[in-house]
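Descriptive structure summary
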Amino acid sequence: MEQGSILLVGVGGQGVVLASAIVADIALRCGFDVKQSEVHGMSQRGGVVTSHLRFGGQVHSPLIERGQVDVLVAFEWNEALRWLPQLRPGAPMIVNLQRQVPPGACRDRKSWRSGYPAVALDALARQVGDLRVCDALAIAGQAGSPKAANSALLGVLAPLLPFPESVWLDALRSHVPPATVTINERAFAAGRSLPFPEETRRHAGATRFSANGFHGRDESAPPRLEVIAVWCKGCDICVRACPTHVLALNAADKVAVVRPDACTGCRLCELLCPDFAIVVHDAEERAADLTAANHSGSEARG
Amino acid sequence: MNTAARADYRRYLRLDMMPHILCPGCGHGIVLQAMLRAIWRLGLPQDQVAVVGGIGCSSRMVGYVDFCTLHTTHGRALPFATGLKLARPELTVLAIVGDGDGLAIGGNHLIHAARRNIDVTCLLLNNAIYGMTGGQVAPTTPTEMVSATTPGGALEPSFDSCKLLEAAGASFVARGLSSAPIDLEALIVQGIQHQGFSFLEVLSDCPTYYGRYNRLGEGPEMLQAQRRHVDWVAAPLADKAFVPGFADTAAVADVALQYGVLHRETRPELSEQVHRLIAASVGEGPT
Ligand code: SF4
Ligand code: SF4
Ligand code: SF4
């Protein structure tokens with residue numbers, strides 16, 4: 001590997017920036033040109049922290065283009081899904097199974113039900129060619145402190161990068177707080193020795209990513225009402241606004257059409273949905289759509 | 001002008017960026033849809049519309065629309081929009097600002113854009129609080145209402161931005177509601193059509209901070225409360241009061257807010273004047 005683009009993602013407090021600084025230092029010590037750029041803050045919006053790290057003979061841009069990440073290290077499950085489209089198809093992805101539910105995902109503050117995505121490793125494995133999953137928090141806990149989870153993840157990352165083991169350890173020692181050197185070394189070694197056998201991590205799955213699950217109109221929905229469930233945030237506005245009680249929230253806190261025949265086509269639900277998740281079609285429009293689809297085969301934008 | 005009942009606004013969304021970042025039940029999404037419907041009604045080509053945002057939850061909206069867009073610095077949407085309109089007068093320029101963004105940090109820019117009467121349509125989304133940064137008190141937070149920085153209730157009175165803008169010289173001033181999306185769409189259409197600075201205050205909701213701190217419920221409750229406390233300007237002004245998401249508390253019961261078009265006048269527009277001056281000077285040749 002003569003050059004590499006690594007994306008580290010997580011949420012505030014997980015040590016993403018420190019881990020990235022350590023890898024940058026290692027690449028520098030190995031004589032590479034390095035550029036690193038991080039985004040943090042905005043913790044009110046879920047606290048995303050990302051760090052782009054690029055090394056090579058000469059690096060021009062500090063940012064990695066979408067779909068060009070050589071290794072994606074996700075410190076948190078939701079962030080893993082969020083940044084998936086950045087990964088080059090087939091490239092390795094390291095995922096820590098820790099889950100940190102951001103405030104914005106809490107739909108109902110009384111019961112704290114949340115819209116946090118379920119852990120679906122099989123589905124992720126179908127999209128990622130080389131998936132390496134671990135529970136870094138548990139590994140670090142065994143090593144002496146859950147705070148060393150970032151070192152455990154560096155351990156998982158180490159075999160994927162062209163840097164000698166001794167440089168990893170030297171850099172680790174010089175960056176972590178002196179009192180925690182032993183714990184971090186143990187966590188690193190534990191992560192480093194995790195087995196990811198070839199046959200368990202290679203999946204000949206689809207490599208076309210869909211950032212948001214929008215695949216156009218759901219034809220199985222009742223003809224008049226089109227619901228885009230992946231956009232719905234379960235705010236209950238349409239349910240309460242519908243004069244004829246056509247809509248309800250389902251167990252997953254998504255809007256569902258429960259009395260399709262009662263719909264009068266008044267459009268209140270569509271007009272008041274803050275998330276563009278409902279469209280009310282009228283008969284002529286559907287007829288026109290069908291004609292257009294038969295002629296062109298796809299919807300023209302513009 | 002498109003007249004079909006259902007506006008085909010989804011063509012203007014950047015589908016790859018959806019779903020948007022706004023909280024469940026946040027009124028801003030309703031305003032965004034109304035704006036897209038208004039643009040669709042006017043039949044404006046996408047490359048002839050420029051949408052400029054500042055910083056804040058409301059300004060995030062520019063990231064989800066497929067027009068010419070500028071996401072600028074906090075409070076500075078209008079200076080960018082002014083420059084854009086002067087350089088490219090053929091564009092339809094909209095600026096989306098928040099209440100903190102437009103009335104606090106960008107307050108001076110707002111009144112001067114109104115004074116200059118530059119042909120920009122400014123949507124000020126008023127949710128009575130700083131949403132994105134965590135619910136701090138804004139110049140629109142009504143007296144006695146709770147925010148992260150006024151846990152005992154705000155002491156200062158709040159701005160009536162429509163009165164402020166009318167006094168500053170805006171030639172079109174209107175107030176719309178996220179809970180009345182059809183009216184809102186019609187107001188935005190009129191604002192865009194108006195030649196000169198059009199100011200629309202849109203009352204929106206922040207259930208995450210304003211609603212939660214003041215126990216006003218979530219999205220549906222806040223939208224319902226909006227309707228109870230305003231009156232359409234054409235209707236007789238009842239003894240109704242409004243603050244965004246306001247529930248019946250004695251403190252603000254005598255405040256009544258009107259919505260609809262509040263002020264309209266015809267006065268020289270800046271970009272037109274500038275270009276007339278340029279044409280005249282060019283005609284005279286170099287001096
Ligand atoms: S169109 Fe009207 S009647 Fe039909 S689901 Fe929506 S709100 Fe209910
Ligand atoms: S209004 Fe929209 S986001 Fe809210 S529950 Fe209904 S479909 Fe979902
Ligand atoms: S913080 Fe408030 S204004 Fe911002 S997106 Fe959430 S609800 Fe809307």
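Going by the structure above, here's the rest.
Keep in mind that what you see is a predicted model, and the values were worked out from it rather than measured.

Let us look at the overall build of chain B. Tallying secondary structure elements over chain B gives nine helices and eight strands in all. For chain B, the proportion of its 287 residues judged to be buried stands at 56%. A separation threshold of at least 6 residues defines the contact pool for chain B, and within that pool the share at least 24 residues apart is 69%. Total accessible area on chain B is roughly 11,100 Å²; 55% of this is exposed by carbon and sulfur atoms.

What follows is about the overall build of chain A. For chain A, the helix and strand inventory stands at 11 helices and 12 strands. Considering chain A as a whole, with its 302 residues, one finds that 47% of them fall into the buried category. Within chain A, counting contacts between residues at least 6 apart in sequence, those at least 24 apart form 61% of the total. Surface exposure of chain A reaches about 14,400 Å², of which carbon and sulfur atoms provide 54%.

With that out of the way, let us pick up the interface of chain B and chain A. Frequently, the measure chosen for interface size is the accessible area removed from exposure when the parts meet. Each partner contributes residues to the interface: chain B has 43 residues there, and chain A has 34 residues. Together, the buried faces of chain B and chain A total about 3,500 Å²; carbon and sulfur atoms form 55% of this surface. When the area that chain B buries against chain A is broken down by residue, the three leading residues are Arg6, Arg10 and Pro24 of chain B, summing to 21%. Scanning the region where chain B abuts chain A turns up two salt bridges. Between Glu221 of chain B and Arg240 of chain A there is a salt bridge whose closest N-O contact spans 3.2 Å. At the boundary of chain B with chain A, the tally comes to eight residue pairs in polar contact (both at pLDDT 80 or more). Where the side of chain B that touches chain A is concerned, the elements lending two or more residues are helix H1 (28-42), helix H6 (181-193), helix H7 (207-213) and helix H8 (219-228) of chain B. When residues of the side of chain B that touches chain A are assigned to their parent elements, the largest contribution, six residues, is made by H1 of chain B. Of the residues belonging to the side of chain B that touches chain A, the class tally is 22 nonpolar, 12 polar and nine charged.

Residue and element names in this part refer to chain B. For the pair helix H4 (residues 107-116) and helix H5 (residues 161-168), interaxial distance at closest approach is 8 Å and the crossing angle is 45°. Relative to H5, the element H4 is oriented oblique. Along this stretch, H4 crosses H5, giving a crossing that reads as right-handed. Residues Leu110, Ile111, Ala114 and Arg115 of H4 form the contact with H5, whose participating residues are Leu164, Leu165 and Ala168. Taken together, the residues that form the contact of H4 with H5 break down as six nonpolar, no polar and one charged.

This paragraph deals with the site of ligand 2. Residues in contact with ligand 2 amount to 14 residues; listed here are only the nearest, Cys232, Cys235, Asp236, Cys238 and Cys273 of chain A. Residue classes in the shell around ligand 2 are distributed as 10 nonpolar, one polar and three charged.

To continue, consider the pattern of salt bridges. Should their charged atoms come close, side chains of opposite charge can pair. One pass over the full model with this rule turns up 20 salt bridges over all chains. The residue Lys233 of chain A makes a salt bridge to Asp275 of chain A at a minimum N-O spacing of 2.7 Å. You can see Lys233 of chain A sitting in the loop between strand S9 (225-227) and helix H9 (237-241) and its partner Asp275 of chain A sitting in the loop between helix H10 (268-272) and strand S12 (278-280), a full 42 residues away along the chain. The shortest N-O distance in the salt bridge between Asp8 of chain B and Arg11 of chain B comes to 3.0 Å. Because the salt bridges share partners, they merge into one network encompassing Asp160, Lys163, Arg175 and Glu201 of chain B.

In an α-helix there are 3.6 residues to a turn, and that puts residues three or four apart on one side. The buried count for helix H5 (residues 149-157) of chain A comes to nine of nine residues, which makes it a mostly enclosed element. When we look at burial in H5 of chain A, the residues that qualify are Ala149, Asn150, Ser151, Ala152, Leu153, Leu154, Gly155, Val156 and Leu157 of chain A.

Here Asn184 of chain A shows up in helix H7 (residues 181-192). According to the relative accessible area criterion, Asn184 of chain A is buried, its value standing at 6%.

Ranked by internal contacts, the top residues of the largest apolar core, which has 54 residues, are Leu247 of chain A together with Met35, Leu36, Ile39, Leu123 and Ile188 of chain B. Examining the composition of this core, we find that nine residues originate from one element, H1 of chain B, more than from any other. Setting aside anything within four residues of it in sequence, one finds Met35 of chain B in contact with Val51, Leu94, Ile96, Leu123 and Ile188 of chain B.

Calculation criteria
- Residues numbered from 1 in each chain as written.
- Chains lettered and ligands numbered in written order.
- Predicted model: local features only at pLDDT ≥ 70, side-chain atom pairs only at ≥ 80, totals over all residues.
- Heavy atoms only, no water.
- Helix = DSSP H or I, 4+ residues; strand = E, 2+ residues; numbered from the N terminus.
- Buried < 20%, exposed > 50% of the residue type's maximum accessible area, 1.4 Å probe, protein only.
- Contact = heavy atoms within 4.5 Å.
- Areas by Shrake-Rupley, 256 points an atom, 1.4 Å probe, with all protein chains shown as cover.
- Buried area = accessible area lost by both parts, 1.4 Å probe.
- Salt bridge = Lys/Arg side-chain N within 4 Å of Asp/Glu carboxyl O.
- Polar contact = N/O pair within 3.5 Å; in protein donor to acceptor, adjacent residues only side chain to side chain.
- Nonpolar A, V, L, I, M, F, W, Y, C, P; charged D, E, K, R; others polar.
- Axes fitted to C-alpha atoms, helices over the stretch in contact; angles between N-to-C directions.
- Parallel < 35°, antiparallel > 145°, perpendicular 65-115°, else oblique.
- Left-handed = near helix turned anticlockwise from the far one by under 90°.
- Near = heavy atom within 4 Å.
- Core = buried A, V, L, I, M, F, W, Y, C linked by side-chain atoms within 4.5 Å.

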